[in-house]
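Coordinate analysis (summary)
Each chain is listed here by its residues.
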Amino acid sequence: MRRARPGAPPRGTGSRALTSVGAGADFVGMPTDQTLEQEPVVTDEQRTRSKLWHITLSVSGGEIPLKEVRRGLEQLAHDHPFLLTSRYANDHAEIRYWEEARDLHDAAAVALRLWGEHRSSAGLPPWEIVGLEVIDRETYHQRVAEGYGPPPAAPVGVHPY
């Protein structure tokens, strides 16, 4: 026996199905003779497609021993294998990776939360974000093909500057 709210979808089914309801005869936006031939309802998920965004996040702060910086970045890469590469010094670091998001705003929001949300779990230095670049996949590949910024990432992993 399943326990749930009446009308609630079973667990693990994702979003609820949407149905279309015809507008009344007094609806101003559509002539009454077309109410039976409505277009199907399209959900936001179907309308919005995510894209890949190349993220470069730069952080900086007080000096920390290199071993601690490396260990924190390696832990972050282990916890989140989407990271492409990290470069570091004792007072700054740069993280580069691909993010899948609906638009630039969503990709930037996720990137801006990355460092702070994982500071304690990965043992990252208490540095602040000092730079963020978010570019779409096409722009990234165009830049690389034309020979100007950002240079192709160093081999995947955590590397000193």
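Every value quoted in this text rests on a predicted model; they were computed, and no experiment measured them.

1. Comments concerning the packing of aromatic side chains
One pass over the structure, following the stated rule, counts 2 aromatic pairs. On the basis of an interplanar angle of 80° and a centroid distance of 5.1 Å, the ring pair of W98 and Y140 is categorised as edge-to-face. Pair noted here: W98 is in strand β3 (residues 92-101) and Y140 is in helix α4 (residues 137-146), with a separation of 42 residues, a long-range link. A centroid spacing of 6.4 Å and a plane angle of 5° characterise the contact between W115 and W127, whose relative ring orientation is stacked. Here W127 lies in the loop between α3 (104-122) and β4 (128-136) and W115 lies in helix α3, a separation of 12 residues in the sequence.

2. Here we look at the pairing of strand β2 (residues 83-88)
Bridge count for β2 against β3 is 5 bridges, and the pairing is antiparallel. Residue pairing across strands places R87 opposite E94, the latter belonging to β3. Between the end of β2 and the start of β3, which pair antiparallel, lie 3 residues. Here β2 runs beside strand β5 (residues 157-160); their pairing, made up of 4 bridges, is parallel. Along β5, the bridge assignment pairs R87 with H159.

3. Concerning the sheet that holds β3
On the basis of which strands lie adjacent, the open sheet formed by 5 strands has the order β4-β1-β3-β2-β5 and mixed pairing. Among the strands making up the open sheet, the edge pair consists of β4 and β5. Strand-to-strand, the axes of this sheet are offset by a mean angle of 20°, without reference to chain direction. Sitting on the sheet, helix α2 (residues 66-79) touches β2, β3 and β5, and the angle it makes with β2 is about 170°. Across the sheet, α3 touches β1 (51-60), β2, β3 and β4, and the angle it forms with β4 is around 150°.

Rules used in this analysis
- Residues numbered from 1 in each chain as written.
- Predicted model: local features only at pLDDT ≥ 70, side-chain atom pairs only at ≥ 80, totals over all residues.
- Heavy atoms only, no water.
- Phe/Tyr/Trp six-rings, centres within 6.5 Å; stacked < 30°, edge-to-face > 60°.
- Helix = DSSP H or I, 4+ residues; strand = E, 2+ residues; numbered from the N terminus.
- Pairing = 2+ DSSP bridges.
- Axes fitted to C-alpha atoms, helices over the stretch in contact; angles between N-to-C directions.
- Contact = heavy atoms within 4.5 Å.

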